[in-house]
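# Survey of secondary and tertiary structure
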Amino acid sequence: MQRRVLGLAIAVVTVAAAAGCGSSSGAGGSSSSGGDKATQVKVGIIPIVDVAPLYLGQQKGFFSSRGIDLKMEAAQGGAAIIPGVVSGQFQFGFSNVTSLMIAQTKGVPVKSVVNGTASTGDVGKDISAVAVKKDSAIKSAKDLVGKTVAVNTLQNIGDTTVRETVRKDGGDPSKVKFVEMPFDQMPAALDGGQVDAAWVGEPALTIAKGQGARVVASPFAETDPKLTIATYFASTKLAQENPDLVKKFTEAVTESLEYASAHPDEARRIITTYTKIDGEVLKNLTLPTWPAQYDMASLEKLASLGEKDGIFGGKKPDLDALFS
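Scanning the chain from terminus to terminus reveals 14 helices and 11 strands. Excluding contacts between residues fewer than 6 apart, the proportion of contacts in the chain whose partners are at least 24 apart in sequence is 81%. Surface summary for the chain: the accessible area is close to 13200 Å², and the carbon and sulfur share equals 49%.

Turning to the packing of aromatic side chains, a few remarks are in order. Overall, the coordinates contain nine aromatic pairs when judged by the stated rule. Ring centres of F63 and F249 lie 6.0 Å apart, and the angle between their planes is 45°; on these two criteria the pair is classed as tilted. Here F63 is found in the loop between helix 2 (52-60) and strand 3 (68-74), whereas its partner F249 is found in helix 10 (residues 243-262), with 186 residues between them in sequence. Comparing F63 with F249, the two get one shared label, buried. Judged by centre distance (5.6 Å) and plane angle (75°), the rings of W199 and F220 are edge-to-face.

Let us now look at the nonpolar core. F92, M101 and F249 are the most contacted members of the largest nonpolar core, which has 99 residues in total. Top element by residues in this core is helix 10. It accounts for eight residues.

With that settled, the discussion passes to the packing of helix 5 (residues 157-168) against helix 13 (residues 296-309). For the pair helix 5 and helix 13, the least separation of the axes is 10 Å and the interaxial angle reads 90°. By the criterion of interaxial angle, the relationship of helix 5 to helix 13 is roughly perpendicular. Contacts from I157, T160, T161, R163, E164 and R167 of helix 5 reach helix 13 at L302, L305, G306, K308 and D309. The class makeup of the residues in the contact of helix 5 with helix 13 is three nonpolar, three polar and five charged.

We now examine the pairing of strand 8 (residues 177-180). The sheet contact formed by strand 7 (residues 148-151) and strand 8 spans four bridges and is parallel. Looking at the pairing, T148 lines up with K177 of strand 8. The handedness of the strand 7 to strand 8 crossover, carried by helix 5, is right-handed.

On to helix 13. Look at helix 13: 20 Å from first C-alpha to last across 14 residues, which is about the 20 Å you get at 1.5 Å a residue. Taken together, the buried positions of helix 13 are S298, L299, L302, A303, L305, G306 and D309. For helix 13, the buried positions fall inside an angular range of 165° around the axis, keeping them on one side. Phi turns positive, to about 75°, at G310, one or two residues after helix 13.

Taken in spatial order, the five strands of this open sheet run 8-7-9-6-10, and their pairing is mixed. The open sheet has two free edges, formed respectively by strand 8 and strand 10 (214-217), since each of these has just one partner strand. Looking at each pair of strands side by side, their axes are set apart by 35° on average, direction ignored. Strand direction decides the pairing type here: strand 6 (residues 128-132) and strand 9 (residues 197-201), joined by four bridges, are antiparallel. From the neighbouring strand, A131 faces strand 9, where its bridge partner is A198.

Definitions and cut-offs
- Residues numbered from 1 in each chain as written.
- Predicted model: local features only at pLDDT ≥ 70, side-chain atom pairs only at ≥ 80, totals over all residues.
- Heavy atoms only, no water.
- Helix = DSSP H or I, 4+ residues; strand = E, 2+ residues; numbered from the N terminus.
- Contact = heavy atoms within 4.5 Å.
- Areas by Shrake-Rupley, 256 points an atom, 1.4 Å probe, with all protein chains shown as cover.
- Phe/Tyr/Trp six-rings, centres within 6.5 Å; stacked < 30°, edge-to-face > 60°.
- Buried < 20%, exposed > 50% of the residue type's maximum accessible area, 1.4 Å probe, protein only.
- Core = buried A, V, L, I, M, F, W, Y, C linked by side-chain atoms within 4.5 Å.
- Axes fitted to C-alpha atoms, helices over the stretch in contact; angles between N-to-C directions.
- Parallel < 35°, antiparallel > 145°, perpendicular 65-115°, else oblique.
- Nonpolar A, V, L, I, M, F, W, Y, C, P; charged D, E, K, R; others polar.
- Pairing = 2+ DSSP bridges.
- Right-handed = clockwise from strand over helix to strand, strands pointing away.
- Expected span 1.5 Å × (residues − 1).
- Arc of directions from axis to C-beta.

Have a look at this one:
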């Protein structure tokens, strides 16, 4: 769910050329073991808590049993992952749904193929929250009016849901000032008074709370308790030309999501294999939920809010095409 929409917009300029010369119809190659060939599949991911089921599914053999040799490749965010998927550098990618909607309205040929993460639906205990210093005068979302709030990416899922939370609490969302800042810098910025509040995601949220920060709003859960946050996606070219690979990948991810949901302790432990999160932070951080299916009503709500905020450039995302 991370990083820069501006970078994505710039990257889109190169996507058409990349799509023309890249090959996204196949996979990254094959490997053999004992004579049985497996198709190598590269997935562009952000190494965060949300993708734990992918690593867990790889460990449990959910991908290899379907002939997939899964390779995760870390990227800075959607600005790198989306063009990478379209060009064929990755066969699949992970992105927050608002970034996918923005890409589609810019003409980028992408299609979501399987769910990724969702809100816990628990106000006060979600995977992201608006946090303030312990002694701040800000007590609820409407108090953010006239204040400076840090988000990891401007004009995306963070400020969209924060605005909706302010609106629901009776405040004027147009009077909230947003500034862009990486999640990992937010705890220090809050503590140092550089911003009045911060929309913080895990594990930075747990770190901030450990430093005394106080949660005043849970924008995901308050926007929609079943909010679909991120999904795995492919290029439309791959979806059309290699539907069998897409089907196998989708089945493996679905099994991984179901397993992670049923075994949260295992999901929590595997996070240590691909991140530096450990100790008390790992023990205390809130895991997302991993439903196997999208919640279309929540996606429609996000699209409507994005239109209201003007982040789609006057165009309307085609959710049926993007998420069907």
